[in-house]
Amino acid sequence: MTVIVGVVGFGGVIVTLSQKDRADRRAELWRRLTWAFERAVSMNAAASALGLSAVDIVSRSSLVSREEKEIASAFLDATLVSPRSDGDFE
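Sequence order as written defines the numbering, with residues in each chain counted from 1. Local features in this predicted model are restricted to residues of pLDDT 70 or higher, and side-chain atom pairs are both shown and tallied only at a pLDDT of 80 or more, whereas totals for entire chains, interfaces and linings draw on every residue. For the side-chain quantities, the full set of heavy atoms in the structure was used; hydrogens and water were omitted.

Peer 1: Whenever I open this one, the overall build of the protein chain confuses me. Can you help?
Peer 2: If you tally the helices and strands in the protein chain, you get 3 helices and 0 strands. In this text, helices come from DSSP runs of H or I with a minimum length of four residues, and strands from runs of E with a minimum of two, each type numbered from the N-terminal end. Listing every helix and strand of the protein chain by position from the N terminus yields α-α-α. Residues counted as buried form 21% of the 90 residues belonging to the protein chain. When the accessible surface of the protein chain is split by element, carbon and sulfur atoms take 63% of a total near 6,600 Å². For each residue, the accessible area found with a 1.4 Å probe, counting protein chains only, is set against the maximum for its type, and the residue is called buried under 20%, exposed over 50%, and partly exposed in between. Only the protein chains shown count as covering a residue, and every accessible area follows the Shrake-Rupley method with a 1.4 Å probe.

Laid out in structure tokens, this is it:
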């Protein structure tokens, strides 16, 4: 009986560590996406281009959910819209 309790307890530890690892990796992913979003809206053209590329690359991670991919895609679409001469956006 002690062995069964030990195995179940060990299994619980493994599951907990796995969940913590995934949560930590997702937190880092969002830190990187935030950095990329901030660069993408920079007035500096080079920084903006880097940010847009980073959003595209980071949003392809397997850690990103479908909804989060849609958010990144909407951001890229909105950011890449070019202003018309009358100040409105296309």
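There's more to say after this.
Peer 1: When you look at the packing of aromatic side chains in this model, what are you seeing that I'm missing?
Peer 2: Given two aromatic rings, their pairing is described by the distance between the two centres and the angle made by the two planes. Here a Phe, Tyr or Trp ring, Trp counted by its six-membered ring, pairs with any other such ring whose centre lies within 6.5 Å, and the pair is stacked when the planes are under 30 degrees apart, edge-to-face when over 60, and tilted otherwise. If you walk through the whole model with that rule in mind, you get 1 aromatic pair. Note on Phe-37 and Phe-75: the rings are 4.5 Å apart at their centroids and 55° apart in plane angle, and the pair reads as tilted. Residue Phe-37 is located in helix H1 (residues 2-40), and its partner Phe-75 is located in helix H3 (residues 66-79); the two are separated by 38 residues in the primary sequence.

Peer 1: Any chance you could explain the confidence of the model for the protein chain here in plain terms?
Peer 2: For any part of a model where pLDDT is low, the fine detail of the predicted coordinates should not be relied upon. In predicted models, pLDDT denotes the confidence assigned by the predictor to each residue on a 0 to 100 scale. Per-residue pLDDT for the protein chain has a mean of 82; in total, 86% of the residues score no lower than 70. What makes two residues a contact is simply this: any of their non-hydrogen atoms within 4.5 Å. The low-confidence segment residues 83-90 (pLDDT under 50) makes 7 contacts with residues lying over four places distant or belonging to another chain.

Peer 1: Where do I start with H3 in this structure?
Peer 2: By this rule the span expected of a helix is its residue count minus one, scaled by 1.5 Å. The terminal C-alpha atoms of H3 lie 20 Å apart, and with 14 residues this matches the ideal 20 Å at 1.5 Å per residue to within 8%. Turning to H3, its buried residues number three or more, namely Glu-68, Ala-72, Phe-75 and Leu-76. The buried residues of H3 occupy one face: seen down the axis, they fall within an arc of 95°. Relative to its buried face, H3 has exposed residues pointing more than 90 degrees away, namely Arg-66, Asp-77 and Ala-78. In this description, the arc belongs to the directions extending from the helix axis to the C-beta atoms.

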